[in-house]
Amino acid sequence: MKQENFLFVDIVSAIFLLLLMVGNLFGLLYITDGNFPVSVLISLFIVVCYYFVIQLLKRNKEKMVNKSFMVPETLFFFVFIIFGLASLFFLTHFINVEMNAKDKIIADTDAKIQELINLPEAYKEVAENEVLEFDGDLSSKLQAYKSNPTNELKSTLLSTPYSIDSLVLNTPSYINVREVTDSRLEHLNYQINQNYKELDESIVFPAEQYQNVFLNWQRMNVVSSYEGLNSFIERSYASVNEKLDELPRDVAHFEYEEGMDTLPLNDPIALNEMYKPDYIIPSVSVVLLHLFILIPFFTHRVRKYNKTNREKGEIKGGHRI
């Protein structure tokens, strides 16, 4: 029965140590920018320290009890308290993110991602409108050159963005305006379609992956995705604007309209200034967790000696507590 009792309290303590480790881990994931190995190592280190402190307290409990806790070994409680405060810090940050910052992050990132997802279509719309404008411009210049083949107009048609073959321009009277224009537009439309496919693959799919992280709040990836999203937005807009520069004529670049500001998930103090944390829930949680973690110490039975017997060096009259 005694062995079973010790086994039970140790299991209970281990369960709550595990819960504390998970709480510390998630708080640390936000602080370390989603660095899982570092977060695990720190959380594990704290739990191991808890375990050894509990063992030291159990081992010295009899001495502390009989000396009214006026012994150096009592300082182990302060080590326990220090790690408890660290756990409170991590858990408070975790709860602050979950309760106060989470909804704003989801809303902000969703707005950003929707703009990203719409980028390829926006590019295609601008490009197709540009093709229509270019069609009319090229047709009118070819018709003008066919009617009045000047060297100046020929030089214009030979250069970009028209790039008409000189063999075609050498015989103006035989120019089929529609045929030449369609041939030039065919190449342009092919380039636009290729660019659209490239943008769709390089922007839309990754953007949907980002969206999945935030909407499903994948805690293991939230911080790294949150930090990386703005960089991905900048790269995506730069890529689209490069494609716009390939169009026959200059068109206005796309500019990102949403703000690039992010919440300081890796800075608990800065986040606390923005969102006042609720200290009651984490404080109560940490206290309860520590009470259960300390069950092996509380239930560890030791012999308490009577003062007279202790002074005589006798063990008679003592009792277990």
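Everything here concerns the structure above.
Below is a summary of the structure that appears in this document. (Residues numbered from 1 in each chain as written. Predicted model: local features only at pLDDT ≥ 70, side-chain atom pairs only at ≥ 80, totals over all residues. Heavy atoms only, no water.)

**Comments concerning the overall build of the protein chain**
This is how the line gets drawn: Secondary structure elements are defined from DSSP: runs of H or I of at least 4 residues count as helices, runs of E of at least 2 residues count as strands, and each element is numbered from the N terminus. Only protein chains enter the accessibility calculation, which uses a 1.4 Å probe. A residue is then buried if its area is under 20% of the maximum for its type, exposed if over 50%, and partly exposed in between. Calculation of accessible area relied on Shrake-Rupley with a 1.4 Å probe; when residues are assessed, cover is drawn exclusively from the protein chains displayed.
Each helix and strand counted, the protein chain has 12 helices and 2 strands in total. Reading the protein chain from its N end, one meets helices and strands in the order α-α-α-α-α-α-α-α-α-α-α-β-α-β. On the principal axes, the C-alpha backbone points of the protein chain span a range of 130 × 35 × 25 Å. Going through the 321 residues of the protein chain one by one, you find that 42% of them count as buried. With an accessible surface of roughly 18100 Å², the protein chain has 58% of that area assigned to carbon and sulfur atoms.

**Considering the pattern of salt bridges**
To be explicit about the condition: We define a salt bridge as a side-chain nitrogen of Lys or Arg found within 4 Å of a carboxyl oxygen belonging to Asp or Glu.
Under the criterion given, the structure shown has 8 salt bridges. Between aspartate 108 and lysine 104 there is a salt bridge, with its nearest N and O atoms 3.1 Å apart. One end of the pair, aspartate 108, and the other, lysine 104, are both in helix H4 (residues 76-147), 4 residues apart, so they sit about a helical turn from each other. Aspartate 108 gets classed as partly exposed once you look at its relative accessible area, which sits at 29%. One salt-bridge network, held together by shared partners, links Glu130, Glu133 and Arg249.

**Here's the deal with the packing of aromatic side chains**
So the rule is basically this: Each Phe, Tyr or Trp ring (for Trp, its six-membered ring) is paired with any other whose centre lies within 6.5 Å, and the angle between the two planes then decides the class: stacked below 30 degrees, edge-to-face above 60, tilted in between. Charges are assigned to positions over rings by a cutoff of 6 Å between ring centre and Lys NZ or Arg CZ, combined with an angular limit of 35 degrees from the ring normal.
Using the criterion set out here, one finds 12 aromatic pairs in the structure. An angle of 65° between the planes, with centres 6.3 Å apart, marks the rings of phenylalanine 45 and phenylalanine 83 as edge-to-face. Remark: phenylalanine 83 occurs in helix H4 and phenylalanine 45 occurs in helix H2 (residues 36-59); sequence separation between them is 38 residues. A centroid spacing of 5.6 Å and a plane angle of 75° characterise the contact between tyrosine 237 and tyrosine 256, whose relative ring orientation is edge-to-face. Taken together, the residues tyrosine 237 in helix H8 (residues 219-245) and tyrosine 256 in the loop between H8 and helix H9 (268-274) connect sequence positions 19 residues apart. Side by side, tyrosine 237 and tyrosine 256 carry an identical accessibility label, which is buried. By way of ring pairs, the aromatic residues Phe45, Tyr50, Phe80 and Phe83 are connected into one cluster. The aromatic ring of tyrosine 196 is capped on one face by lysine 124, whose charged end is 4.6 Å from the ring centroid. Its guanidinium or amino end placed over the ring of phenylalanine 26, arginine 219 lies 5.9 Å from that ring's centre, counting from NZ or CZ.

**A few points about a negative patch on the surface**
As a reminder, the rule being used: Every patch collects residues that have over 30% relative accessible area and no salt bridge, joining them within 9 Å if they carry like charges and within 5 Å if they are nonpolar side chains (Val, Leu, Ile, Met, Phe, Trp, Tyr). Counted charges follow a simple rule, with Lys and Arg positive, Asp and Glu negative, and His plus the chain ends left uncounted. By convention, the point assigned to a charge is CZ for Arg, NZ for Lys, CD for Glu and CG for Asp.
Together, Glu121, Glu125, Glu128, Asp200, Glu201 and Glu208 line one region of the surface with negative charge. Note that glutamate 208 resides in helix H7 (residues 177-215).

**A short note on unusual backbone geometry**
At the junction of threonine 160 and proline 161, the peptide bond is cis and its omega measures out at 10° in the coordinates. The topology assignment puts proline 161 in the loop between helix H5 (151-158) and helix H6 (166-169). Residues other than glycine seldom take positive phi values, yet serine 163 does so here, at roughly 50°. Within the fold, serine 163 resides in the loop between H5 and H6. Taking the relative accessible area as the measure of exposure, serine 163 reaches 38% and is therefore partly exposed.

**Remarks on the side chain of lysine 58**
In plain terms, the rule: Note on definitions: a residue-residue contact is assigned when non-hydrogen atoms from the two residues lie within 4.5 Å.
Looking at where lysine 58 falls in the secondary structure, it is placed in helix H2. Given the relative accessible area of 13%, lysine 58 is considered buried. When residues no more than four places from it in sequence are discounted, the contact partners of lysine 58 are Asp10, Pro296, Phe297 and His300.

**Concerning the environment of proline 172**
Looking at where proline 172 falls in the secondary structure, it is placed in the loop between H6 and H7. Between the C-alpha atom of proline 172 and that of lysine 154, which follows or precedes it by 18 residues, the distance is 9.7 Å. The residues touching proline 172, leaving out its near neighbours within four places in the chain, are Tyr145, Lys146 and Pro149.

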